[in-house]
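# Tertiary structure, described
If you want the building blocks of each chain, they are given just below.
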Amino acid sequence: MTSTKGYKKLLLQLTAIILPLFLLMTAAIVWTVYNSTLDGFLEAQNDHIRELAVESVDDCFTFLDDVYTPEEQEWFLSQTETEPFAYDESLTGEELHQLFVYQSSHNDTEGYAWYADMPEDIRRLYLREYFYTIQSRVEDCIKGGDVNRLFLMDLSEKYQGLVMFDYNKEGESRKMGEYYDLDLSNHPVIRDMLGSDSTEIVFEKTTDFPEEGSFYIGYRPIVIGGRTRAVLGLTYRWDDFRETLTGTITKALIIIVGGIVIVLAVLLIFLYRKVVGPATKMQSAVLQYTDDKDSANIVGKMYQIRAKNELGYLADAISDLAMEIDHYTRENVRIAGERERAKKELYEAEVQVMVSQIRPHFVYNTLSSIAILCDIDPKTAKEAAITFAKYLRGNMDALKQKAPVPFETELEHLKNYLYIEKLRFADALNVEYDITTTEFELPILSIQPLVENAVKHGVGMKKYGGTVTIRTVETDTAYEVIVSDDGVGFDPEAPGKDDGRSHVGMENTKKRLMDMCNADIVIESKVGEGTTARVIIPKNHKSS
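Described in the following lines is the structure provided in the data block.

The rules we used
Residues numbered from 1 in each chain as written. Predicted model: local features only at pLDDT ≥ 70, side-chain atom pairs only at ≥ 80, totals over all residues. Heavy atoms only, no water. Helix = DSSP H or I, 4+ residues; strand = E, 2+ residues; numbered from the N terminus. Buried < 20%, exposed > 50% of the residue type's maximum accessible area, 1.4 Å probe, protein only. Contact = heavy atoms within 4.5 Å. Areas by Shrake-Rupley, 256 points an atom, 1.4 Å probe, with all protein chains shown as cover. Pairing = 2+ DSSP bridges. Axes fitted to C-alpha atoms, helices over the stretch in contact; angles between N-to-C directions. Phe/Tyr/Trp six-rings, centres within 6.5 Å; stacked < 30°, edge-to-face > 60°. Lys NZ or Arg CZ within 6 Å of the ring centre and 35° of its normal.

### Looking at the overall build of the protein
- Scanning the protein from N- to C-terminus turns up 14 helices and 12 strands.
- Within the protein, buried positions represent 40% of all 544 residues.
- The contacts in the protein between residues at least 6 apart in sequence include a share of 67% that link residues at least 24 apart.
- Only carbon and sulfur atoms are counted for the fraction: they give 55% of the accessible area of the protein, which is about 30900 Å².

### So, the sheet that holds strand β5 (residues 227–237)
- The 5 strands lie next to each other as β2-β1-β5-β4-β3, forming an open sheet whose pairing is antiparallel. The outermost strands of the open sheet, each flanked by one partner alone, are β2 (163–168) and β3 (202–207). Across the sheet, the mean angle from the axis of one strand to that of its neighbour is 25°, orientation sign disregarded.
- Judged from the 6 bridges that link them, β3 and strand β4 (residues 214–224) form a sheet pairing that is antiparallel. When the sheet's bridge partners are listed, T207 is paired in β4 with S214.
- The sheet strands contacting helix α2 (residues 70–82) are β1 (149–154), β2, β4 and β5, and the helix crosses β5 at an angle near 65°.

### Here's the deal with the packing of aromatic side chains
- For the structure shown, the criterion picks out 26 aromatic pairs.
- With centroids separated by 6.3 Å and ring planes inclined at 90°, the aromatic side chains of F151 and F209 adopt a geometry described as edge-to-face. Linking F151 in strand β1 with F209 in the loop between β3 and β4, this pair joins segments that are 58 residues apart in sequence.
- Judged by its relative accessible area of 0%, F151 falls in the buried class.
- Relative accessible area serves as the criterion here: at 2%, F209 is assigned to the buried category.
- Here the guanidinium or amino end of K415 rests over the ring plane of Y433, the centre of that ring lying 5.3 Å away.
- Positioned above the aromatic ring of Y479, the side-chain terminus of K539 is 5.2 Å from the ring centre.

Now the structure itself:
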């Protein structure tokens, strides 16, 4: 039974060490795979968008190609600004004939003059047919791909955000002459275009542009005459990117995590055979030895552990130690007995000092006050009795406490004590608290002697009473508990003067504070003005 328990405990400890490392390693791998996959995926998409943007200009928006002069390019764009027209309707047969006749009769006109001299009615027919053809080409260009939208947007100062062309594969397209809700403060890449003549394609993840939703957009600047005149945008739904990316990462993680699980299982099996098994045998033998002290038996069991590692060396050391224990048992028992007696004597001395703080006259005065209250104010008498019981319980609990306690525990005990003293002094005792920090520890009952002195020998000796203040302060290097009163005070330098204060209790309190918290008490007093006691607890102390 002991062996089984030892095996389970040791295996649990190994798992507790390995599992966090496994999780941390998995998280690091997930993060690395995600970022590398995202970067690689987006870079591949960016290359695709660059190719498509070039193809869109070459095959669809031919007037933006370098074969056209800047004047001709500007002419096409200015038409969309000054007089928008519908480009989603084809010309009728009669309109097509009219346009064909004009073009046939003016095919000898070259360059910008061909556009500039075009009559108004022919110009509108030409632009409608031209942009209708663009729409058809755009539709063919992005029909089979994952592009959600293709648009041409004006970036000139006067018409910034104007729709020059818009094709939305999944919904209603914007009409020429409408405006996008463009705020350049939300689109730094577009803002940077305006101050540059670069034609390099840039990318941006947007929210609610050019419509509601999350999108990934590639922008190709349209530079005419050395300035960015417009921008061609290719829009992709970010959710589609994320879905594709998630699927890729999921597959990668399944492979990675599966491999890690296999490695972890092999490692645990190896640890069991090389560590857990021998360690369990050693644990069982040592536990049995603690019961029967049979050195010969444990030496025989340790001999069976022939592991050529630290466990084997440990088994040999246990055998040697068992033999030495046999030799020195009596001496060790004697020394242990003496130490135990010394420890007990020290403990009893501390108990006496702590219990002495519950003075008989204090108990008598408290019970007398409660007895009087029973007749004149039963409710208060009940509360006082409960508080007094809590106070006594706190003193009794202190006898069991060997380590520093949270300041809140000491503060609660002080409040119970001062509540009881208020029964005696009534309005002659005023208590104020200024607690700004409680995140520290100190020996139990280490502040009470200071408060008791402030009440009894400070404001208690003053004709009309006074105020006791308890404060806490945090500095860069220490926590401070400050107990002050505006009582009669005393002269700290007066030689041999009996000021009535408990010097024995104070010295014991100082010793406990120094031993347990490396803390110090600084007392300042002035006759007729009062006394202040500061307990300074360094932040870098190590509790004993």
